[in-house]
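# Residue-level structural notes
One letter stands for each residue in the lines below.
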Amino acid sequence: MNVLTKLKETAVSVIPVILIILVLGFTVVPVDKIILARFVIGGLFLTLGLTVFLIGVDLGIQPMGERCGAELTKKRSLLLLLICAFFIGFIVTAAEPDIQVFASQVKSVFSFINKLSFTFVIAAGVGIFILLGLLRSVLNLSFKITLFILYLILFAVMLFIPSGFAGIAFDSGGATTGPMTVPFIMALGVGVSSVRSDDKNSFGLTGVSSIGPVMAILLFALFYKASINSSVSEVISSAASASSSGVFSSFALIFPVVLKESLVSILPLLVLFIIFQVTLLKLSKMQVIRIIIGFLYSFIGLSLFLTGAGGGFSQAGLEIGIALAQKAAAFGGGWTVLLISTGFVLGAIIVCAEPAVWVLSEQVEHVSGGTIKRKILLVFLSLGTAAAVALSIIRILNGLSLKTILISGYTVSFLLMIFCPSLFSEIAFDSGGVASGPLTSTFVLSFTIGVSGVFKSSDSFGVIALVAMMPLIAVQIMGIIFRIKSRRSVKEVK
């Protein structure tokens, strides 16, 4: 394990974001210097935290997930596998930091929602759909057909819910696939596939499980008969008026909360590991020590990462979003182009700093034997996420229907599946989930909420949903290009 290499890779991902915001903050849209200082310090925390977290994933979370999946499959008890999968999905999701942050954001806009109930509904959705995803893998059902049927049901239900809740439902699908949930879900899928000697089914579990929370929240919304209209004015007012005295004040305030969230995220997995070790795994003493050290690294890394994201990135994203949107609202023209372009560039860069994206890209390169290069996957993911953030801003400016965009986008995704190799389709739907992690939930969502407040948009959510959707198109286009090049290579050999 080359620590310096990981540190270099994460720094290359985060530094461009810092530079862009600093250039904007010191030139066209001046921002309070204390906020910019916090932003830079937050970037340092992000870089160090992501590096340490990824080391922890390699040492602890990924080996545990793969071994659990493999051993459960070896027991040849489908019922046992599915029951364990549900409880694993429920526990890990309920403890996911992204969900805690997202539930708080929803509560701040819709005061009638109970945060705990909202969290448990999402967790149950993930648990049920992990169960369905593993069942598909074990029974060797077609990934494309399974996904088509599930999304058909999903969009049918969506037609009956208030429009204001559509964004929240689809955003919840992206928020569940955070730094704790994704590594374990993907490792579980790889473990099951390894026993069945079927690498083709190594991917897709994250994509299927991402549908669960969306379906759960859509059904949750059916219980509310009154029309739901979101308003972000109070959210913006409270965030923008946050005290800016002292560079380190925001980090000091958030750090105890982050430590608790990180502990709550790691502890259930550690308890699961102990239970599985006693009843199922029976690993050697050295293997157990290595995995526990991995959990410790993950806890430290996650704490640093979330401290940087919450203490420095969120407020800067909100301030930049408000400042650019105010210029665009007042002068239009070039300022509107700059606002959309900024969203595009931020989306392209920030996805490369997501912890789960690094885990997925490394796993794809490993499982494919180097055939699918990590850097190429990151390029297509960046393009997809960039287009998503830009489209989200265009939607806010023009009042476009989120439901229409989502139905159109997913229709294109399913049409591409006809021509795309199955492996790339599975990777694409996994990518859609992992692209929308803690940075999207903090910085990008704050940025678009700032824009929404200025333009008085009635629908403040939806950017995470679009970030989760666009990689489905981008990565499948990558798969189609890969297929065309492979066929040309075969013809040249002949």
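Residues numbered from 1 in each chain as written. Predicted model: local features only at pLDDT ≥ 70, side-chain atom pairs only at ≥ 80, totals over all residues. Heavy atoms only, no water.

## Looking at the overall build of the protein chain
Going by this rule: Labels follow the DSSP assignment, with helices taken as runs of H or I lasting at least four residues and strands as runs of E lasting at least two, numbered in each case from the N terminus. Note on definitions: a residue-residue contact is assigned when non-hydrogen atoms from the two residues lie within 4.5 Å. Here, Shrake-Rupley sampling with a 1.4 Å probe gives the accessible areas, and only protein chains in the shown set may cover a residue.
For the protein chain, the helix and strand inventory stands at 20 helices and zero strands. For the protein chain, contacts bridging at least 24 residues in sequence account for 88% of all contacts bridging at least 6. For the protein chain, the computed accessible surface area is about 19000 Å², with 70% contributed by carbon and sulfur atoms.

## Let's talk about the confidence of the model for the protein chain
Heads up, the condition is: By definition, pLDDT measures how confident the predictor is in each residue, and it falls between 0 and 100.
Taken over all residues, the pLDDT of the protein chain has a mean of 81, while the share at 70 or more is 88%. Of all the helices and strands in the protein chain, helix H11 (residues 233–240) carries the lowest mean pLDDT, 46, while helix H14 (residues 334–350) carries the highest, 91. In this model, residues 229–240 is a region of pLDDT below 50 whose contacts with residues beyond four sequence positions or in other chains number 26 contacts.

## Looking at the packing of aromatic side chains
Here is the rule we go by: Note on aromatic pairs: the rings of Phe, Tyr and Trp (six-membered ring only in Trp) are paired at centre separations within 6.5 Å, and the planes decide the class, stacked below 30 degrees, edge-to-face beyond 60, tilted for the rest.
In the structure shown here, the tally under the stated rule is 18 aromatic pairs. With 6.1 Å between their ring centres and 75° between their planes, Phe 118 and Phe 220 make a pair best called edge-to-face. Separated by 102 residues along the polypeptide, Phe 118 in helix H5 (residues 115–138) and Phe 220 in helix H10 (residues 211–221) bring together distant segments of the chain. Grouped by ring-pair contacts, the aromatic residues Phe 143, Phe 148, Tyr 151, Phe 155, Phe 170, Tyr 410, Phe 414 and Phe 429 constitute a single cluster.

## Looking at the packing of helix H2 (residues 33–74) against helix H13 (residues 285–331)
Counted only if it meets this: Angles shown run from 0 to 180 degrees and are taken between the N-to-C directions of axes, each axis being a line fitted to C-alpha atoms and, for helices, limited to the stretch in contact. Our angle categories are set so that under 35 degrees counts as roughly parallel, over 145 as roughly antiparallel, 65 to 115 as roughly perpendicular, and the remainder as oblique. Crossing handedness is defined as follows: a turn of the near helix away from the far one that is anticlockwise and smaller than a right angle gives a left-handed crossing, while the clockwise case is right-handed. Residue polarity is assigned by list, with Asp, Glu, Lys and Arg as charged and Ala, Val, Leu, Ile, Met, Phe, Trp, Tyr, Cys and Pro as nonpolar; anything else, Gly included, falls into the polar class.
The contact between H2 and H13 brings their axes to 5 Å, and the two run at 150°. Here H2 is positioned roughly antiparallel relative to H13, judged by the angle of their axes. The two elements H2 and H13 meet at a crossing, and its hand is left-handed. For the contact of H2 with H13, the residue count by class is 24 nonpolar, 13 polar and four charged.

## Section: helix H16 (residues 374–398)
Our working definition: Expected span of a helix, by definition, is 1.5 Å for each gap between consecutive residues, and there is one gap fewer than residues.
With 25 residues, H16 should cover 36 Å at 1.5 Å per step; its first-to-last C-alpha distance of 36 Å lies within 8% of that length. Backbone geometry just after H16 places Gly 399 at a positive phi near 65°.

## Examining the layout of surface pockets
To keep things clear, this is the line we draw: With a 1 Å grid laid over protein atoms only, a set of points is called a cavity when a 1.4 Å probe fits there but cannot get out and a pocket when it is open yet has protein on both sides within 12 Å along at least five of seven lines; lining residues have an atom within 4 Å of a point. Grid points are joined across faces, edges and corners, and a volume is the space filled by probe spheres set on the points.
Considered as a void within the structure, the second largest pocket measures approximately 280 Å³ in volume. Along its surface, the second largest pocket is lined by 13 residues, and Glu 9, Val 12, Ser 13, Trp 358 and Leu 378 are the ones closest to its centre. Elements represented by at least two residues in the lining of the second largest pocket include exactly helix H1 (3–26) and H16.

## Details of unusual backbone geometry
Positioned with a positive phi, Asn 140 is a non-glycine residue whose angle comes to about 60°. Within the secondary structure, Asn 140 sits in the loop between H5 and helix H6 (143–158). Of note in the backbone geometry, Lys 282 takes a positive phi value of approximately 55° without being a glycine. Within the secondary structure layout, Lys 282 lies in the loop between helix H12 (249–281) and H13.

## Overview of the environment of Phe 39
Relative to the elements of secondary structure, Phe 39 occurs in helix H2. Measuring from C-alpha to C-alpha, the distance between Phe 39 and Val 247 comes to 9.5 Å, with 208 residues separating the pair along the chain. Leaving out residues up to four positions away in the same chain, Phe 39 has contacts with Val 17, Ile 18, Ile 21, Gly 312, Phe 313, Ala 316 and Phe 443.

## Re the packing of H5 against H10
Put simply, H5 and H10 touch, their axes get as near as 7 Å, and they point 135° apart. Between H5 and H10, the interaxial angle falls into the category oblique. Seen along the crossing, H5 lies across H10 with a hand that is right-handed. Residue-level inspection shows Phe 118, Val 121, Ile 122, Gly 125, Val 126 and Phe 129 of H5 in contact with H10, the latter providing Ile 211, Gly 212, Pro 213, Met 215, Ala 216, Ile 217 and Phe 220. For the contact of H5 with H10, a count of residues per class yields eleven nonpolar, two polar and no charged.

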